[in-house]
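Per-entry structural report
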Amino acid sequence: MRLRVFAALAALSLGAMTGCGASGGTSAGASALRIMAPAAPGGGWDQTSRTAEQAFKSADPQRKVEVFNVPGAGGTIGLAQLAGEKGNGNLLMTMGLVMVGAIEQNKSKVTLAETTPIAKLTEEYELVVVPAASPFKSLADLVAAWKADPAKVSISGGSAGGTDHIVAGLMAKAAGVDPKQVNYIAHSGGGEALNELLGNKVSVGISGVAEFAEHVKSGKLRALGVTSGERVPGLDAPTLKEGGLDVELANWRGFVAPAGLSEADKKALTDLVTKMHDAQPWKDAVAKNGWIDSFQTGQQFTDYLASEQTRVKAIIAEMGLVS
């Protein structure tokens, strides 16, 4: 009898440490929620994750929420780690357009097919900037230098094959520069790219509007263009189309969970994220960061994710990033 009691207590203890119950999953409505930002601190996924953390806490004050970073390879290292958490209903991973491209670029063995789509959250336009001391005063100056010697124009951004890289390739193509000759310097987080710009170590930077906007307003960076169809209110930057480059692209971010969730856990996570999205701190952050609310859940997001994988694969193949 004692052995049986001890075995039962040991099983309960192990379940508490691993976050897993007897079914191999967890109840999203009862335990702490962990959010993986699959990139280094300072970038868009990290910013989105920590903004969501505060909104989750506002929407459900009794729930413990933790954000952790797993940087590397455009999020595919984090994706592989998520795949190992099959059935865990208390884990979300922030992801988006960047990861879709990185999976192709890195020939990742783990794909988004091994996740449970939960919600699309936001869209955000990209901003093309240069250091304040840059000789490039306009997009025309950049294009002229690019055409003269593509190798001399170094462009700092996020992961290879991600949104920033795609924008650089599309800009090059529109400018008449071979996308394969783009001197792109990839980073696992926006903070690293920003430091290179502020240190005048690179020619150009490309990232989300929210990551560069304050530095543009302070005068530390100069905005050459934004990837929106129309000018972004409150931002002193022409569109790329105004500057002569026919490029328009919006990055997007969302949440996926591990594969193998029960229907109950999937519904609980979806309901929790919907509650977070409706919380005032999230609405305030969306407005402050210039994000576009593009909330989708269920089959709508699943279908969107499938279409994006097809679209992005075609874009980066045209850029010569994948064979």
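Note that this is a predicted model, so its numbers are computed, not measured.

Here we come to the overall build of the chain. Secondary structure summary: the chain contains eleven helices and ten strands in total. Put simply, the chain has 323 residues, and 53% of those count as buried. The contacts of the chain with a sequence gap of at least 6 include a subset with a gap of at least 24, amounting to 79%. Accessible surface, the chain: about 14200 Å² in total, of which carbon and sulfur atoms supply 54%.

This brings us to the packing of aromatic side chains. Scanning all chains against the criterion turns up four aromatic pairs. Between Trp252 and Tyr304 the ring centres are 5.4 Å apart and the planes differ by 75 degrees, which places this aromatic pair in the edge-to-face class. Pair noted here: Trp252 is in strand β9 (residues 250–258) and Tyr304 is in helix α11 (residues 298–318), with a separation of 52 residues, a long-range link. With respect to class, Trp252 is no different from Tyr304; both count as buried. Every member of this aromatic cluster is reached through a ring pair, and the members are Trp252, Phe301 and Tyr304. Here the basic side chain of Arg34 rests over the ring of Phe68, its NZ or CZ set 4.0 Å away from the ring centre. Positioned above the aromatic ring of Tyr304, the side-chain terminus of Lys120 is 4.0 Å from the ring centre.

Each value, and the rule that gives it
Residues numbered from 1 in each chain as written. Predicted model: local features only at pLDDT ≥ 70, side-chain atom pairs only at ≥ 80, totals over all residues. Heavy atoms only, no water. Helix = DSSP H or I, 4+ residues; strand = E, 2+ residues; numbered from the N terminus. Buried < 20%, exposed > 50% of the residue type's maximum accessible area, 1.4 Å probe, protein only. Contact = heavy atoms within 4.5 Å. Areas by Shrake-Rupley, 256 points an atom, 1.4 Å probe, with all protein chains shown as cover. Phe/Tyr/Trp six-rings, centres within 6.5 Å; stacked < 30°, edge-to-face > 60°. Lys NZ or Arg CZ within 6 Å of the ring centre and 35° of its normal.

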